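Analysis of the macromolecular model
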Amino acid sequence: MSNDRILMKDLSEGKELFPIRVINNYNKYLPGFAYNIGNDFSESVNDEIRKENGGKIPVKGCHCEFDEKTQTWCGPDCECESRSAISFDPKNRIVENPLSYDFYEEFYIECGLHCYCRGKCNRRILPGPHALKKLHLEYFRDKGYGVIVDQPVSTGMPICEYRGLVSIREKDMLNPSHYQEDLLVDNKRIHFIIDAAESGNVSRFINHSCAANLIQICVYSSIPSLRKIPPIPRVALVACRDIRPGTELTFDYGSEYFKDRNLRCLCYELCCFNPADDWALKTKNLRETQNQTRSNKKFNERHFDETKDIQNVIELDSDDDDDDF
Ligand SMILES: C[S@@+](CC[C@H](N)C(=O)[O-])C[C@H]1O[C@@H](n2cnc3c(N)ncnc32)[C@H](O)[C@@H]1O
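So, how was this worked out
Once a new chain begins, its residue numbering starts again from 1 and follows that chain's sequence as written. In view of the model being predicted, local features appear only for residues whose pLDDT reaches at least 70, and side-chain atom pairs are presented and counted only at 80 or more, with totals across whole chains, interfaces and linings using the full set of residues. Values reported for side chains reflect all heavy atoms of the structure, with hydrogen atoms and water molecules removed beforehand. Strands are runs of DSSP state E lasting at least 2 residues, helices are runs of H or I lasting at least 4, and numbering of each runs from the N terminus. We call a residue buried when its accessible area falls under 20% of the maximum for its residue type, exposed when it is over 50%, and partly exposed in between, using a 1.4 Å probe and counting protein chains only. Shrake-Rupley sampling with a 1.4 Å probe provides the accessible areas, and residues are treated as covered by the protein chains on show and by no other component. Working definition: residue near molecule or strand if any one of its non-hydrogen atoms lies within 4 Å of it. Any pair of N or O atoms that falls within 3.5 Å is considered a polar contact. Within protein, one atom must be able to donate a hydrogen and the other to accept it, and sequence-neighbouring residues count only if both atoms are side-chain atoms. Joining through side-chain atoms within 4.5 Å is the link that ties buried Ala, Val, Leu, Ile, Met, Phe, Trp, Tyr and Cys residues into a set, and such a set is a nonpolar core. Whether two residues touch is decided by their heavy atoms; if any such pair falls within 4.5 Å, the residues are in contact. Two strands make a pair as long as DSSP finds a minimum of two bridges between them. For Phe, Tyr and Trp, rings pair up if their centres lie within 6.5 Å, where Trp contributes its six-membered ring, and each pair is then called stacked (planes under 30 degrees apart), edge-to-face (over 60) or tilted (otherwise). Whether a charge sits over a ring comes down to the Lys NZ or Arg CZ being within 6 Å of the ring centre and within 35 degrees of the ring normal.

Section: the overall build of the chain
- Counting its regular elements, the chain contains six helices and 18 strands.
- For the chain, buried positions account for 50% of its 325 residues.
- Surface accessibility of the chain: about 16,900 Å² in total, with carbon and sulfur atoms responsible for 49%.

Here is the structure:
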């Protein structure tokens, strides 16, 4: 029986498929924010859409027909697939070379209801309105809350979407929030922000690491067209390593994050780019890291059925997820 102090049985208060426990063995601090399984849109985003598109959100999909021979929808010629920077196979959950994907330059286009396939091809990377199956929040003395995964996750698995208030960044915006994702899209013409300070989901608690186990993928639910503003980007968090239960989930906030907020990074990885003063004392050694990677892979191979469960949640979600732009 664990002695962990549970401050909340479910952070999402029933909004996610599975409860997210909040564990804090140090104090009684509870985060104040609205748990939201969708995105909110600021006036700046609505204005931009109104200005350029007469109030309509532009959506353009693929023209793939069902292939009777292979019993599949979208193949390599799918327009959504061929305009995407990475390939995602919904069955094998493979994102090719996940570590070489550039979040600030590249994107992935999901198929959806506006495509001929109506999204039946399952080329989906955003895990619907619900988060991954087994997660909990845990308080760390130095970094505040973080997210721990309670089941095995294999490389390429989408975990959750970074949700929050979507707006367009003003040029001279000061004091960026600690929960802000920056997306520079359409050749850096538009600078979108997703800010989870006031409302968001479990992903707002995922801490940074310079050797992260998740990558962010910029996802469009429509093919961008040259004349109109780009589709509003969304952010999928996808595993870029095999992850064992009990591990903290992390992604790379980008080199500007710590500089802009005058913070030091406390990941204590060998490759840390903004190390704290006690880095040399606490840093992880290379052999430890390599052994960990190998043992995670072996562990996940032994527990493959459990890792598959996560994909089932994604497929179940995508049946009723049509917030489609
Ligand atoms: C998006 S929030 C993550 C959740 C946060 N720990 C909480 O309790 O709400 C980002 C903030 O967490 C802390 N943080 C996350 N990763 C960190 C790291 N590697 N080093 C130091 N602080 C970190 C910083 O205060 C940062 O501004």
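Here we look at the site of the ligand
- Surveying the vicinity of the ligand reveals 18 residues, the closest of which are K143, Y145, H178, Y179 and Y257.
- With respect to the ligand, the backbone of H208 contributes an N or O atom lying 2.9 Å from a nitrogen atom.
- Coverage of the ligand by the protein chains reaches 89% of its 560 Å² of free accessible surface.
- Every element with two or more residues in the shell around the ligand is listed here: β9 (144-149), β15 (207-208) and α3 (255-260).

Considerations on the nonpolar core
- Within the largest apolar cluster, 70 residues are counted, with the highest numbers of intra-cluster contacts made by I125 and I217.
- By residue number, the principal contributor to this core is strand β16 (residues 214-220), which donates six residues.
- What I217 contacts, discounting residues up to four positions off in sequence, is I86, V95, Y101, F103, Y108, I125, R234, V235, A236 and V238.

Quick look at the side chain of T250
- Along the chain, T250 turns up in strand β18 (residues 247-251).
- Judged by its relative accessible area of 7%, T250 falls in the buried class.

Some details on the pairing of strand β13 (residues 190-195)
- Taking burial as the measure, the six residues of β13 include five buried ones, the bulk of the element.
- Across four bridges, the pairing between strand β11 (residues 165-168) and β13 is antiparallel. Residue pairing in the sheet places I168 in a bridge with F192 of β13.
- Bridge count for strand β12 (residues 180-185) against β13 is six bridges, and the pairing is antiparallel. Looking across to β13, one finds that L184 is bridged to H191.

Regarding the sheet that holds β12
- An order of β4-β11-β13-β12 is seen for the four strands of this open sheet, with the pairing classed as mixed. Two strands in the sheet have a free side with no partner beyond their single neighbour: β4 (40-41) and β12.

Here we look at the environment of D182
- Note on placement: D182 falls in strand β12.
- Through-space distance from the C-alpha of D182 to that of I168 is 9.6 Å; in sequence the pair is 14 residues apart.
- Ignoring any residue separated from it by four or fewer positions in sequence, one finds D182 in contact with F103, Y104, R169, H191 and F192.
- A distance of 3.4 Å separates polar atoms of two side chains, one belonging to D182 and the other to R169.
- Side chain to side chain, D182 and H191 meet in a polar contact 2.7 Å long.

Considerations on the packing of aromatic side chains
- Taken as a whole, this structure holds 13 aromatic pairs when the rule is applied.
- Considering the side-chain rings of Y139 and Y145, the 5.0 Å spacing of their centres and the 80 degrees angle between planes classify their relative orientation as edge-to-face. Summarising the burial analysis for this pair, Y139 and Y145 share the class buried.
- Above the ring of F205, the side-chain terminus of R204 is found at 4.8 Å from the ring centroid.
- Just above the ring of Y257 sits the side chain of R261; from NZ or CZ to the centre is 3.8 Å.

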